[in-house]
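Single-letter residue listing:
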Amino acid sequence: MGAIATIKVKPEIKGMLDGLKVHPRESYSDVIARVVCRAYDPEPLSSEEIAGLEEALADIKAGRIHSEADIKAAFGVE
C-alpha cells in the first residue's frame, strides 16, 4: 500500500461516493480508483484525430450531412 493522504470532500460528494460502492465495506480509495481508471484515457486523441472531429462538426453545422436512408439508397442497401 502506498502513502496515505487525507482529503476533504463535501458531504454531497461523500454521498455520491457511498452510492458508487460495490459493497458497503468497500474503501473510498477503491471507489476513487475505479472512477479515475474509467476517466483516464491512456491513448488520448492525436491532433490529427481532433482536427478530423472538428472538420466533421463543421460539416454538420454547415448542413453537409446525409441521412441514413440516403446512404442506404446510394449503396443499394435496404
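Residues numbered from 1 in each chain as written. Predicted model: local features only at pLDDT ≥ 70, side-chain atom pairs only at ≥ 80, totals over all residues. Heavy atoms only, no water.

Overview of the side chain of Glu-26
Item 1. Within the secondary structure, Glu-26 is located in the loop between helix H1 (11-20) and helix H2 (28-39).
Item 2. A distance of 2.6 Å separates a polar atom in the side chain of Glu-26 from a polar atom in the side chain of Arg-34. (Helix = DSSP H or I, 4+ residues; strand = E, 2+ residues; numbered from the N terminus. Polar contact = N/O pair within 3.5 Å; in protein donor to acceptor, adjacent residues only side chain to side chain.)

Re the pattern of salt bridges
Item 1. Within the structure shown, the criterion is met by 4 salt bridges.
Item 2. Here Lys-72 ties to Glu-68 by a salt bridge, and the two come within 3.3 Å at their closest N and O atoms. Residue Lys-72 and its partner Glu-68 are both found in helix H4 (residues 68-75); the two are separated by 4 residues, about one turn of the helix.
Item 3. Lys-72 sits in the partly exposed class, given a relative accessible area of 31%.
Item 4. For Glu-68, a relative accessible area of 56% corresponds to the exposed category. (Salt bridge = Lys/Arg side-chain N within 4 Å of Asp/Glu carboxyl O. Buried < 20%, exposed > 50% of the residue type's maximum accessible area, 1.4 Å probe, protein only.)

A short note on the packing of aromatic side chains
Each pair of aromatic rings is reported with the distance of its centres and the angle of its planes.
Item 1. On inspection of all chains with the given rule, the structure shows 0 aromatic pairs.
Item 2. We note Lys-21 situated over the ring of Tyr-28; from NZ or CZ to the ring centre the distance is 4.2 Å. (Phe/Tyr/Trp six-rings, centres within 6.5 Å; stacked < 30°, edge-to-face > 60°. Lys NZ or Arg CZ within 6 Å of the ring centre and 35° of its normal.)

A closer look at the confidence of the model for the protein chain
Item 1. Residues at a pLDDT of 70 or more form 99% of the protein chain, whose mean pLDDT is 94.
Item 2. Predicted confidence in the protein chain is weakest over H4, with a mean pLDDT of 94, and strongest over helix H3 (residues 47-61), with 97. (pLDDT = per-residue confidence, 0-100.)

Section: the environment of Lys-14
Item 1. In this fold, Lys-14 is placed in helix H1.
Item 2. In sequence terms Lys-14 and Ile-4 are 10 residues apart; their C-alpha atoms lie 18 Å from each other.
Item 3. Residues contacting Lys-14, with those up to four places away along its chain left out, are Val-9 and Tyr-28. (Contact = heavy atoms within 4.5 Å.)

Regarding a nonpolar patch on the surface
Item 1. Together, Ile-7, Val-9, Ile-13, Met-16, Ile-32, Val-36 and Tyr-40 make up an exposed nonpolar region whose accessible area comes to about 670 Å².
Item 2. For the nonpolar patch, the elements supplying multiple residues, two or more each, are H1 and H2.
Item 3. With respect to the secondary-structure elements, Ile-32 resides in helix H2. (Patch = residues over 30% accessible without salt bridge, like charges linked within 9 Å, V, L, I, M, F, W, Y side chains within 5 Å. Areas by Shrake-Rupley, 256 points an atom, 1.4 Å probe, with all protein chains shown as cover.)

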